[in-house]
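What follows is the residue order along each chain.
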Amino acid sequence: MGRFVWTLLAGFAIGTPAVPVGLSLSLPGPVALFAVVLGSACCVVFAVFAMEWARLHWQSWRARRKSSVVSAGSATGTSADSAPSNGTAAIRSPAGDRLSGTAGRRARRVFERYGVVGFGLVGPALFGTWGSSLLGAALGIPRWRLIRWLTAGVTLCCAVLLVASDAVLDAFGIG
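Residues numbered from 1 in each chain as written. Predicted model: local features only at pLDDT ≥ 70, side-chain atom pairs only at ≥ 80, totals over all residues. Heavy atoms only, no water.

Participant: Help me understand a nonpolar patch on the surface in this model?
Facilitator: Among the surface-exposed residues, Met1, Val5, Trp6 and Leu9 lie close enough to one another that they form a single nonpolar patch of about 490 Å² accessible area. The residue valine 5 is located in helix H1 (residues 2–14) in this model. On the basis of relative accessible area, valine 5 is assigned to the partly exposed category, the value being 36%. (Patch = residues over 30% accessible without salt bridge, like charges linked within 9 Å, V, L, I, M, F, W, Y side chains within 5 Å. Areas by Shrake-Rupley, 256 points an atom, 1.4 Å probe, with all protein chains shown as cover. Salt bridge = Lys/Arg side-chain N within 4 Å of Asp/Glu carboxyl O. Helix = DSSP H or I, 4+ residues; strand = E, 2+ residues; numbered from the N terminus. Buried < 20%, exposed > 50% of the residue type's maximum accessible area, 1.4 Å probe, protein only.)

Participant: How should I be thinking about helix H6 (residues 143–171) in this particular structure?
Facilitator: Because an α-helix packs 3.6 residues into every turn, residues spaced three or four apart end up facing the same way. In this model H6 runs 41 Å from its N-terminal to its C-terminal C-alpha over 29 residues, within 8% of the 42 Å that 1.5 Å per residue would give. Within H6 the residues assigned to the buried category are Leu146, Ile147, Leu150, Gly153, Val154, Cys157, Cys158, Leu162 and Ser165. Two residues or fewer after H6 comes glycine 173, characterised by a positive phi angle close to 70°. (Expected span 1.5 Å × (residues − 1).)

Participant: Would you take a moment to explain the environment of leucine 126 for this structure?
Facilitator: Position of leucine 126 relative to the elements: it lies in helix H5 (residues 102–138). Residues in contact with leucine 126, not counting those within four places in the same chain, are Arg106 and Val110. (Contact = heavy atoms within 4.5 Å.)

Participant: Please clarify how the nonpolar core should be interpreted in this entry.
Facilitator: Buried together is how nonpolar side chains tend to be arranged in soluble globular proteins. Val19, Val44, Ala107, Phe119, Ile141, Leu146 and Cys158 are the most contacted members of the largest nonpolar core, which totals 25 residues. Contributing elements (two or more residues each) for this core: helix H2 (19–24), helix H3 (29–76), H5 and H6. Of all the elements, H5 adds the most residues to this core, at 7 residues. (Core = buried A, V, L, I, M, F, W, Y, C linked by side-chain atoms within 4.5 Å.)

Participant: Honestly, H1 in this entry has me stumped. Any pointers?
Facilitator: For H1, which comprises 13 residues, the first-to-last C-alpha distance of 18 Å matches the rise-based estimate of 18 Å (1.5 Å per residue) to within 8%. Listed in full, the buried residues belonging to H1 are Thr7, Ala10 and Gly11. Looking straight down H1, one finds its buried side chains confined to an arc of 100°; they lie on one side. (Arc of directions from axis to C-beta.)

Structural data, given as structure tokens:
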């Protein structure tokens, strides 16, 4: 039971590369696969909800900040550019402006080319479990579609890693 829990925690912490950890703890292949997939799925759910929470708080903070700037500008007689008539600032964060780094550009390119399904299946291999969860939520992909397809991608990556790790361990006579 302890080896299963350690493998599950490794799946949560490092994602799909934890499959060899489960095998090195002498867990049978299917049990190690289940533990890592379960841990990685928990990681995906946690990361998606945490990123959405952070993004919503960031957007509300920005809206409050912009509305205070707009109200201060109208008190001094200057007008703010394109401020709504109710005194609150519109939130403008298109997917093109959210992520400007290398990983963000790559994630946006994968998402634009293959959609949610492709991002979910390829994301864990390209960006890791944590990275693909956070990038997908930052890109604004709907949460349950993202979680569903990332879990499918994690399962696919874990299955491939299980077969590869088992073959390597058999080739070296370790397993």
